[in-house]
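Below, each chain spelled out in residue letters.
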Amino acid sequence: MKIKNLLPVLLLMLFSCSGNKSQKKGDDMFFDGKYIKQVMNKVAEWQIAHPKHKQYDWTNGAFYAGMFAAWETTKSQKIYDAMMAMACDSNKWQPGPRWYHADDHAICQTYMDLYRTEKNKKPEMLQPTIDTLMKFISEPYPVKGIATIKWWWCDALFMAPPVFVKFGITTGDNRFLEYNDIYYKECYDLLYNKEEQLFARDLNYVIKGDSTDRYEANGKLIFWSRGNGWVLGGLVRLLEELPQSYPNRPFYENLYKEMCARIVELQQEDGLWRASLLDPGSYPGGEVSGSGFFCYAFAWGVNKGLLEAEKYRPAAEKAWISLNKCVNEEGRIGWVQPIGADPRRNFSADSWEVYGTGAFLLAGSEIVKLK
């Protein structure tokens, strides 16, 4: 084979997302501060140019959480302008239309982040969210099927709790913190498996001892990578806000550490996690959105001194290397499982979603701080 024909093959082997061991010689570049900022801007700008879903959608709630973290890291005016255009022009600072649904609260995390940075603070930046949260607190949830509590699926623990806590801390209204504790504990009691130290996605995946029970092909319980990624990412965002003196902070901190200890055991050789955490053999190829949130959670914990650096830093770095190898030349992130509620095999290098971009940006915002 001629040299010019061999080069593309070698490059493909080097940058393949689902490859085996990382090429150590060239991996140092991924931890250079200048490189990290450049790739974050590149990824953010590609996603800005390729919008998807309504701007208030939960998918964009995760994306803009990553965007704000990217702006804090790079100070890109283009990123900041895109966030303001979303919040002010497109959404007019309104949550999604479903007052009773955590998915439609997720975007409000970014509203508060922007409010805190703006010199010209206006009540209309926060009031629609406050009104929605108060209605959520005061009104009963429209119970149906497995929706037996207000936060009945584990992904909700990323969507809503950071909103409640951010608004509680900033406005001084402790009711938001108190109700967050109530709703969070309800979800924890319903879906957290204390033996596996992982969350079931919803009641459909909790073993009840009847004909509805579901298992993976290897006989293990079904624990979705992205669902648990949402939970860990949400815990980071809670702990970032809650004061050390907050009475229930130890509950969240202990849960965060407990989950991290389990998740790190499930990381695969290529640095990523599979769509199904306990049956990786049935789901070949790393899944980027769950892996991005795990990388974010590990790096943040090391930076804050909550996780043992000797154990978690290598895991975070290994994940970051592989995540970068899932970014194509344009800045698009592939290997993201599409919208769903359980582990699937329906994604490839061409599969992208805005929440995958958000998870990558959150990870980068903490990797760049590793000392």
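Everything quoted here is computed from the prediction, not taken from an experiment. (Residues numbered from 1 in each chain as written. Predicted model: local features only at pLDDT ≥ 70, side-chain atom pairs only at ≥ 80, totals over all residues. Heavy atoms only, no water.)

*Asks:* Explain the packing of helix H6 (residues 108-117) against helix H9 (residues 161-171) to me, please; I cannot follow it from the model alone.
*Replies:* Between two packed helices, the angle of one axis relative to the other and the distance separating the axes together describe the packing. Following both chains from N to C, one finds H6 and H9 inclined at 30 degrees, their axes separated by 8 Å at the closest point. Judged by the angle between their axes, H6 and H9 are roughly parallel. By crossing handedness, the relation of H6 to H9 is classed as left-handed. Mapping the contact onto sequence places Cys108, Gln109, Met112, Asp113, Tyr115 and Arg116 in H6 and Pro162, Val163, Lys166, Phe167 and Thr170 in H9. Here the residues of the contact of H6 with H9 sort into six nonpolar, two polar and three charged. (Axes fitted to C-alpha atoms, helices over the stretch in contact; angles between N-to-C directions. Helix = DSSP H or I, 4+ residues; strand = E, 2+ residues; numbered from the N terminus. Parallel < 35°, antiparallel > 145°, perpendicular 65-115°, else oblique. Left-handed = near helix turned anticlockwise from the far one by under 90°. Contact = heavy atoms within 4.5 Å. Nonpolar A, V, L, I, M, F, W, Y, C, P; charged D, E, K, R; others polar.)

*Asks:* Any chance you could explain the nonpolar core here in plain terms?
*Replies:* The tendency in soluble globular proteins is for nonpolar side chains to be buried side by side. Counting residues in hydrophobic clusters, the biggest one holds 124 residues, and the most contacted among them are Trp151, Phe199, Tyr256, Phe298 and Trp320. Ignoring sequence-local partners within four residues, the contact set of Tyr256 consists of Leu232, Leu235, Val236, Leu239, Ala297, Trp300, Gly301, Leu306 and Leu307. (Core = buried A, V, L, I, M, F, W, Y, C linked by side-chain atoms within 4.5 Å. Buried < 20%, exposed > 50% of the residue type's maximum accessible area, 1.4 Å probe, protein only.)

*Asks:* Where do I start with helix H4 (residues 58-74) in this structure?
*Replies:* Residues spaced three or four apart along an α-helix point in a common direction, a consequence of the helix completing one turn every 3.6 residues. Over its 17 residues, H4 runs 24 Å from end to end, which matches the ideal 24 Å to within 8%, given 1.5 Å per residue. Within H4, 16 of the 17 residues are buried, which leaves it mostly tucked inside the rest of the structure. Immediately beyond the C-terminal end of H4, within one or two residues, lies Lys75, with a positive phi of roughly 60 degrees. (Expected span 1.5 Å × (residues − 1).)

*Asks:* How should I be thinking about the packing of aromatic side chains in this particular structure?
*Replies:* Here the distance between the centres and the angle between the planes together describe a pair of aromatic rings. Applying the stated criterion across every chain, the model contains 36 aromatic pairs. Geometrically, the ring pair formed by Trp71 and Tyr80 is tilted, given 4.9 Å between the ring centres and 50 degrees between the ring planes. On the basis of relative accessibility, which here comes to 9%, the residue Tyr80 falls in the buried class. Ring geometry for Tyr188 and Phe199: centres 6.5 Å apart, planes at 65 degrees, overall edge-to-face. Taken as a pair, Tyr188 in helix H10 (residues 174-191) and Phe199 in strand E2 (residues 198-199) lie far apart in primary sequence, eleven residues in all. We note that Tyr188, like Phe199, is buried. Members of the aromatic cluster, joined through ring pairs, are Phe136, Trp151, Phe164, Phe176, Tyr179 and Tyr183. We note Lys121 situated over the ring of Tyr115; from NZ or CZ to the ring centre the distance is 5.7 Å. A cation over a ring is seen here: Arg345 above Tyr283, with NZ or CZ 4.3 Å from the ring centre. (Phe/Tyr/Trp six-rings, centres within 6.5 Å; stacked < 30°, edge-to-face > 60°. Lys NZ or Arg CZ within 6 Å of the ring centre and 35° of its normal.)

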